Amino acid sequence: MKKILFAIILISFFGTAIAQDDDQPNDTAWKHEYRATATKINDLVHTKLQVSFDYDKSWMYGKEWVTLHPHFYPTDSLTLDAKGMDIKEIAMVKGNSKIPLKYSYDSLQLKITLDKKYNDRENYTVYINYVSRPNELKEHGSAAITDAKGLYFINPKGEDKDKPTQIWTQGETESNSAWFPTIDKPNQKTTEEIYMTVPSKYVTLSNGLLINQKKNNDGTRTDYWRMDLPHAPYLFFMGVGDYVIVKDHYKKLPVDYYVEKEYAPVAKKIFGETPAMIGFYEKITGVPFAWPKYDQIVGRDYVSGAMENTTATLHQESAYQNARQLVDGNRWEEVIAHELFHQWFGDLVTTESWSNITLNESFADYSETLWDAYRHGKDAGDEKIENDRREYLSNPGEESEHLVRFYYKDKEDVFDGVSYPKGGAILHMLHNYVGDSAFFKSLNLYLNTNKFKSAEAQQLRLAFEAVTGEDLNWFWNEWYYGAGQPDITINYDYNNKTARVIIDQTQKTGKVFTFPLAIDVYSNGANKTRYKVWVKDKTDTFYFPSENKPSLINVDADKVLLCKKTDNKTADEFLQQYKYAGNYMDRREALQYFANNKSSNLAIGLNDKYHGLRLFTLQKIDQAKSYTVPSVLNTIEQMADKDPDKLVQAEALSILAKVNDKKYESLFNKYVNDSSYSVSGAALDGLTELEPDQAYVLAKKFSKDARGRLGSVVTKTLMANATEDDFNIILENYKNAPLSQAKIQATVAFGNYLAKIKNADDVRKGVDEMINVRNQIPERFRNFVDPAFKQAFDRVSAAQKTAGNTQLANYIDGLLK
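Here is what the cut-offs are and how they apply
Residues numbered from 1 in each chain as written. Predicted model: local features only at pLDDT ≥ 70, side-chain atom pairs only at ≥ 80, totals over all residues. Heavy atoms only, no water. Pairing = 2+ DSSP bridges. Helix = DSSP H or I, 4+ residues; strand = E, 2+ residues; numbered from the N terminus. Expected span 1.5 Å × (residues − 1). Buried < 20%, exposed > 50% of the residue type's maximum accessible area, 1.4 Å probe, protein only. Contact = heavy atoms within 4.5 Å. pLDDT = per-residue confidence, 0-100. Polar contact = N/O pair within 3.5 Å; in protein donor to acceptor, adjacent residues only side chain to side chain. Salt bridge = Lys/Arg side-chain N within 4 Å of Asp/Glu carboxyl O. Axes fitted to C-alpha atoms, helices over the stretch in contact; angles between N-to-C directions. Parallel < 35°, antiparallel > 145°, perpendicular 65-115°, else oblique. Core = buried A, V, L, I, M, F, W, Y, C linked by side-chain atoms within 4.5 Å.

**Student:** Can you break down the pairing of strand β14 (residues 220–231) residue by residue, with the values?
**Tutor:** Across 9 bridges, strand β11 (residues 190–199) lies against β14 in antiparallel orientation. Residue pairing for β14: Met196 is matched across the bridge by Asp223. Sheet analysis places strand β13 (residues 209–215) next to β14, joined by 6 bridges and oriented antiparallel. Considered in β14, the bridge of Lys214 is made with Thr222. Hairpin connection from β13 to β14: 4 residues lie between these consecutive antiparallel strands, with Gly219 at a positive phi of about 85 degrees.

Written out as structure tokens, the structure reads:
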């Protein structure tokens, strides 16, 4: 599961507080409830399903034959998770006969009395006839998974002409039991076959292979999918819709992409790195891709970022990008890499409990770093892991959570910044500590030892210990079974031909961390000597012989430690670090220091070899408004015209737009029609200041194809200058903008525009669209965006009252009540 979702977006916009689900004063019992791995009384063996769909009712009619056996102790009972179903029949299958069974049902679990007591490994098959009614469930989701109905009918009656009719499922954590009865726990594994009857115009996707298709006389078709390898129930998947299947492959492995017709021409540009990713992951793990195929499908209104259903990953519609968006880079590439790695870590070997979700999500998160470094260079990988560290450290509320978490309020709570980015950063430290060869050999041993089974974090430790020969309990106890991170302050001095490094741990938790550090001592430019030390105390002092005062001492020289750091270097030492230490983080730390101290040395980053640091430097220069320095401005002018990276070029153009100098008009005109939305948008923004009438004409022209930065500038330009005749353009532009910070901010501008127009029907359409946008936001986050919507509605309502349209004004006033 990749947590790309509105909750995370909101966190970055409105602060970390919204991520906290503060406990009520008396709601603390969960802190004393140990979350054990689910006890196995019966084991799933095989699940056979026959399903068809009622699009009018959003129901699914199901028949199931589930084969199980007692795990060890004999039993004459079976408990299955089955949420909100209408149970028609339950029977024991005996050859061609069915023997009715007694059962009780509380709308969440079926408790079935078997026909006899079954012994260890004695298989039996139970038949269940049922109806799934997902829209009648009252389940809640999490920050990573915003809903938990299991089965989703999207536009089932075709009433929304701008949205396709689709069906998709979402099983994690324990939601697939809303559409088929099962033991819905991650430590269960079962093979699977499923017969899906759908309207003939639709295609289907499920786990495993499509074995055959049968046309029926009523305009439907039955597709038979089979998965012969065992996997967890939460990884079962069904997808139905009007898709184009774009074929691809890795060696002889089918790798297909299910997309809407509009995106078929660019499907391989979006997903086309998948075969190379499979090859890369096979190489580093030494474990071949285990499954018979790998498909990816995009679902409308999906409740999370993406989901690693075995052989059939589901992506949210943000995966869709047109050719112009892809010019700026594939924003979904890391998500694709993340979900694919789950086919090893999560699907092949599955966490035995949600407490151990790190075995799934931390590895998938770290796979993004590994892929970025392989595909785009070490700087890209270092940038990704730094973003992980910063994401975790930006939310102090998560510092008290353990990576392996045996106490939580709700299983959904473990899908957070600890399991994802912190877990990825911890694996990065472990990788650095044991070395490349031992790290991947350990992963190979872990995967091969536990394949098609479930595991806990200690089994990962045992694999690393078997390979390295070292007791690693210290690492697991500190990082897997402990919380927080070191906060360190580093000071330096030099005396009597000895350099000293003093490291203080300043965290206020009382915990003192033990960790290794590499310290590089530099002299005469790039000449360095590396020392490996251990930090073990609240204050540690390290001594290094040096004939002269070192030009630089670089603590944590590989920049792998997850920590909060105050590094008391001088400006000259940071300049030496930028020039000679060389790693992405060495350069970034130096640039950040120069920015914080308003140093002219910040401009050195404008010529950095890595586009990410050139962009970072431009952003810092923009914030400080230091682009007025002639030499800096000259460099930015060159970047605006010639930088090979489109995002860097766009940022440079954006800075020139703020200079508001007529001499840049020709440059803006040169790039306003650029294939990159970012470059085109920045250039249009520049013309808005210099030639507003021309910019308004261009904004109207571009409004039919304006996304990303261009979309934001077009919206701003049109709303500032639009007349009542432009209403349809304005409405469509607002409606089609993706749900984001920019759209929430545009809501206020849209409200100001609506307050200027007189056509009451258009005003009503506009406010209805605004409330539709607001209602797309998960309910628990609306308090944080409602002020923007209230400001917009109040402005429109006041205008209608002034115009004497009291009825419409009252309607608007009631929208947020």
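**Student:** Tell me about helix α13 (residues 584–596), residues and numbers included.
**Tutor:** For α13, with 13 residues, the first-to-last C-alpha span of 18 Å sits near the 18 Å given by 1.5 Å per residue. Taken across its 13 residues, α13 has 11 buried, putting it largely inside the fold. Turning to α13, its buried residues are Tyr584, Met585, Asp586, Arg587, Arg588, Glu589, Ala590, Leu591, Gln592, Phe594 and Ala595. Structurally, α13 contributes buried residues whose contacts are with α7 (378–393), β29 (552–555), β30 (564–567), α12 (571–581) and α14 (611–624). Just beyond α13, the residue with positive phi is Lys598, at close to 50 degrees.

**Student:** Before we move on, could you go through the confidence of the model for the chain and cite the residues and values that matter?
**Tutor:** Per-residue pLDDT for the chain averages 94, and the proportion of residues at 70 or more is 96%. Throughout residues 5–25 the model reports pLDDT below 50, and contacts reaching past four residues in sequence, or to other chains, amount to 38 contacts.

**Student:** Please give an account of the side chain of Asn42 that cites residues and values.
**Tutor:** Position of Asn42 relative to the elements: it lies in strand β1 (residues 42–54). Polar contacts involving the side chain of Asn42 include one to the side chain of Tyr124, which spans 2.7 Å. Not counting residues up to four positions away in its chain, the partners in contact with Asn42 are Leu68, His69, Pro70, His71, Thr75, Ser77, Leu78, Tyr124, Ile183 and Gln188.

**Student:** Mind laying out the pattern of salt bridges, listing which residues take part and the relevant values?
**Tutor:** The final tally for this structure, using the stated rule, is 54 salt bridges. The shortest N-O distance in the salt bridge between Arg226 and Asp228 comes to 3.2 Å. Taking the relative accessible area as the measure of exposure, Arg226 reaches 32% and is therefore partly exposed. For Asp228, a relative accessible area of 52% gives the class exposed. For Arg390, the salt bridge identified is with Glu386, shortest N-O distance 3.8 Å.

**Student:** Any chance you could break down helix α3 (residues 274–285) for me, citing the residues and the numbers?
**Tutor:** Under the 1.5 Å per step criterion, the end-to-end length of α3 is 16 Å for 12 residues, consistent within 8% with the ideal 16 Å. With 9 of 12 residues buried, α3 lies mostly within the body of the structure. Phi for Gly286, located one or two positions after α3, is positive at around 70 degrees.

**Student:** Give me the lowdown on unusual backbone geometry, citing residues and values where you can.
**Tutor:** Here the amide bond leading from Glu172 into Thr173 is cis, since omega sits at 5 degrees, within 30 degrees of zero. Here Thr173 lies in the loop between β10 (166–169) and β11. Backbone geometry at Thr311 places phi at a positive 70 degrees, although glycine is not the residue there. Within the secondary structure, Thr311 sits in the loop between β20 (306–307) and β21 (312–316). The class for Thr311 is buried, based on a relative accessible area of 0%. The backbone phi angle of Phe452 is positive, close to 60 degrees, even though this residue is not glycine. Looking at the secondary structure, you find Phe452 in the loop between α9 (436–450) and β23 (453–455).

**Student:** How would you summarise the packing of α7 against α13 if you had to cite specific residues and measurements?
**Tutor:** Close contact between α7 and α13 brings their axes to 9 Å; oriented N to C, the two are set at 60 degrees. As the angle between them shows, α7 and α13 are arranged oblique. Residues Asp379, Asp382, Glu383, Glu386, Arg389 and Arg390 of α7 lie in contact with α13, whose contacting residues are Tyr584, Met585, Arg587 and Arg588.

**Student:** A description of the nonpolar core should follow, citing residues and the corresponding values.
**Tutor:** As a rule of thumb, soluble globular proteins bury nonpolar side chains together. Membership of the largest hydrophobic core comes to 150 residues, with the highest contact counts inside it found for Phe53, Val126, Tyr281, Trp344, Trp476 and Tyr480. At 8 residues, helix α8 (residues 418–434) tops the list of elements feeding residues into this core. Once you skip the residues sitting within four places of it in the chain, Trp344 turns out to touch Ile278, Tyr281, Glu282, Thr285, Val287, Pro288, Phe289, Val349 and Leu447. Ala652, Ala682, Val713 and Leu815 belong to the second largest nonpolar core, which has 81 residues in total.

**Student:** Help me get a handle on the environment of Asn473, residues and values and all.
**Tutor:** Tracing the sequence through the fold places Asn473 in helix α11 (residues 473–480). On the basis of relative accessibility, which here comes to 26%, the residue Asn473 falls in the partly exposed class. Excluding anything up to four places from it in sequence, Asn473 contacts Arg461 and Glu465.

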